[in-house]
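Take a look at the letters that make up each chain.
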Amino acid sequence: MRKPLLYILLGLAALATVVPLLYMVSLSLQTEVETLSANAVIVPDSPQWGNYAELFTRAPFGNFIINSLVVAGAITLAHLLFDPLVGYVFAKFRFPLRNTLFVALLATLMVPFFVRMIPLYVLMATMGWLDTYQGLITPFLMDAFGIFLMRQFIQPIPDDLISAARIDGASELRIYRSVILPQTRPALAVLGLFTFVFQWNEFLWPLVATTTPEMRTIPVGLTLFNQEYFTLWHLTAAGSVILFVPTAVLFIFTQRYFVRGIALTGIK
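Please read these numbers as outputs of a predicted model, since none were measured by experiment. (Residues numbered from 1 in each chain as written. Predicted model: local features only at pLDDT ≥ 70, side-chain atom pairs only at ≥ 80, totals over all residues. Heavy atoms only, no water.)

Draft legend 1. Quick peek at the overall build of the protein chain. Along the backbone of the protein chain there are 14 helices and 0 strands. Ordering the α and β elements of the protein chain from the N terminus gives α-α-α-α-α-α-α-α-α-α-α-α-α-α. Viewed in the frame of its principal axes, the protein chain has a C-alpha envelope of about 70 × 65 × 30 Å. Sequence-distant contacts in the protein chain: of pairs separated by 6 or more residues, those separated by 24 or more amount to 73%. As displayed, the protein chain offers around 15900 Å² of accessible surface, 70% of which is attributable to carbon and sulfur atoms. Distance from the positive charge centre (16 side chains) to the negative charge centre (14 side chains) of the protein chain: 18 Å. (Helix = DSSP H or I, 4+ residues; strand = E, 2+ residues; numbered from the N terminus. Contact = heavy atoms within 4.5 Å. Areas by Shrake-Rupley, 256 points an atom, 1.4 Å probe, with all protein chains shown as cover. Lys, Arg positive; Asp, Glu negative; His and termini not counted. Charge placed at Lys NZ, Arg CZ, Asp CG, Glu CD.)

Here's what the structure looks like:
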């Protein structure tokens, strides 16, 4: 009886997860009258596919998409470049105060972003980077969690592989590129996905660091449809569907690396 019960529980959990998403899609295809109806409309009588086109006439939604892609993409690439490199240094190199520096790095995870936001804002304003791509990207080029993740994944890699490469005359950069990185693809996929999803959905910093609608990202741009006395729910839902699609596609392409990463965690 355990398997049927397990499948029922998993099915209910999946249903609870999918239903809000399906209702969001339904809401994006409803008319404004249907969204304001006293009774929730599950299936619209006449799907309004024009709601997605209306997004681009009511607001510079094309700019929102481009800004989100540039910011989230640049930060993700920076994390994939810097985090494994720093993680490799902490995992395989011996130098003074290595453990102390690593503990200090992990301690930054306990500092909420709200505490760092005001100094970051003042710094970006002083440099004249507010309402610019560099102001949105630069504060998040590296991350303590990403460094910790890569360090923990690189640490179990046998030192004999690195020693053999050094005996063969490989440089440290060549060892990192040809020996370490191929072993860490599952962790890189997880790091890339987590970073992209977090930055793609980031709301607070783009809200604070941008002043013009043309520099807003999608999460901040959707607030244009939320006015003081009314909310255009059908347009907000349509924009949310567009916000969801890239992360879903990215997860589909990186799913096999998650499975491989889980399998590798059991191998000593």
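Draft legend 2. Region of interest: the side chain of Lys92. With respect to the helices and strands, the residue Lys92 is situated in helix H4 (residues 61–92). The exposure class of Lys92 is buried, given its relative accessible area of 14%. Among the polar contacts made by the side chain of Lys92, one reaches the main-chain carbonyl oxygen of Gln155 at a distance of 2.9 Å. (Buried < 20%, exposed > 50% of the residue type's maximum accessible area, 1.4 Å probe, protein only. Polar contact = N/O pair within 3.5 Å; in protein donor to acceptor, adjacent residues only side chain to side chain.)

Draft legend 3. Representation of a nonpolar patch on the surface. On the surface, Leu5, Ile8, Leu9, Leu12, Leu15 and Val19 cluster together into a nonpolar patch covering about 580 Å² of accessible area. Mapped onto the fold, Leu12 is located in helix H1 (residues 2–28). (Patch = residues over 30% accessible without salt bridge, like charges linked within 9 Å, V, L, I, M, F, W, Y side chains within 5 Å. Salt bridge = Lys/Arg side-chain N within 4 Å of Asp/Glu carboxyl O.)

Draft legend 4. Highlighting the packing of aromatic side chains. Counting across every chain of the model gives 11 aromatic pairs. Relative to Phe93, the ring of Tyr88 lies with its centre 5.3 Å away and its plane at 85°, an arrangement referred to as edge-to-face. For Phe93, a relative accessible area of 25% corresponds to the partly exposed category. Geometrically, the ring pair formed by Phe113 and Trp205 is edge-to-face, given 6.1 Å between the ring centres and 90° between the ring planes. Pair noted here: Phe113 is in helix H6 (residues 113–126) and Trp205 is in helix H12 (residues 204–209), with a separation of 92 residues, a long-range link. Among the residues examined, Trp205 registers a relative accessible area of 1% and is labelled buried. Connected via pairs of aromatic rings, a cluster forms that spans Phe90, Phe95, Phe102 and Phe148. In this arrangement the basic side chain of Arg151 is found over the ring face of Phe102, its NZ or CZ atom lying 4.3 Å from the centre. Across from the ring centre of Phe93, 5.9 Å away, lies the NZ or CZ of Arg166, which sits over that ring. (Phe/Tyr/Trp six-rings, centres within 6.5 Å; stacked < 30°, edge-to-face > 60°. Lys NZ or Arg CZ within 6 Å of the ring centre and 35° of its normal.)

Draft legend 5. Summary view of the packing of helix H5 (residues 98–107) against helix H8 (residues 144–154). Interaxial distance between H5 and H8 falls to 9 Å at its minimum, and their mutual angle equals 135°. Relative to H8, H5 is oriented oblique. The interaxial crossing formed by H5 with H8 has left-handed handedness. For the pair H5 and H8, contact is made by Phe102, Leu105 and Leu106 and by Ala144, Ile147, Phe148, Arg151 and Gln152, respectively. Residues that form the contact of H5 with H8 fall into these classes: 6 nonpolar, 1 polar and 1 charged. (Axes fitted to C-alpha atoms, helices over the stretch in contact; angles between N-to-C directions. Parallel < 35°, antiparallel > 145°, perpendicular 65-115°, else oblique. Left-handed = near helix turned anticlockwise from the far one by under 90°. Nonpolar A, V, L, I, M, F, W, Y, C, P; charged D, E, K, R; others polar.)

Draft legend 6. Summary view of the pattern of salt bridges. As enumerated under the stated definition, the model contains 3 salt bridges in all. Between Asp159 and Lys92 there is a salt bridge, with the nearest N and O atoms lying 2.8 Å from each other. With Asp159 in helix H9 (residues 159–167) and Lys92 in helix H4, this residue pair connects regions lying 67 residues apart in the sequence. When the shortest N-O distance is used, the salt bridge between Arg166 and Glu172 registers 3.0 Å.

Draft legend 7. Region of interest: helix H3 (residues 50–58). Among the residues making up H3, those that are buried are Asn51, Tyr52 and Leu55. The buried residues of H3 occupy an angular sector of 105° when the element is viewed end-on, so they sit on one face. (Arc of directions from axis to C-beta.)

Draft legend 8. Fine view of H1. Over its 27 residues, H1 runs 40 Å from end to end, which matches the ideal 39 Å to within 8%, given 1.5 Å per residue. Approximately 25° is the largest bend angle found in H1, and it occurs at Val18, with the proline Pro20 only one to four residues beyond. Buried within H1 are the following residues: Met24, Ser26, Leu27 and Ser28. (Expected span 1.5 Å × (residues − 1). Bend = angle between axes of the 7 residues up to and from the residue.)

Draft legend 9. Looking closely at the side chain of Asn51. Relative to the helices and strands, Asn51 is located in helix H3. For Asn51, the side chain forms a polar contact with the main-chain oxygen of Gln30, separated by 2.9 Å. With residues up to four places along the chain from it excluded, the contact list for Asn51 reads Ser28, Leu29, Gln30, His234, Leu235 and Ala238.

Draft legend 10. Focus on the nonpolar core. One finds Leu55, Phe61, Trp200, Ile218 and Phe225 to be the most contacted residues of the largest nonpolar core, which totals 20 residues. The set of elements that each furnish at least two residues to this core consists of H1, H3, H4, helix H11 (185–200) and helix H14 (233–264). With 5 residues, H14 is the single largest residue contributor to this core. Leave out the neighbours within four places in its chain, and Trp200 touches Ser68, Leu69, Ala72, Ile218, Pro219, Ile242, Leu243, Pro246 and Thr247. (Core = buried A, V, L, I, M, F, W, Y, C linked by side-chain atoms within 4.5 Å.)

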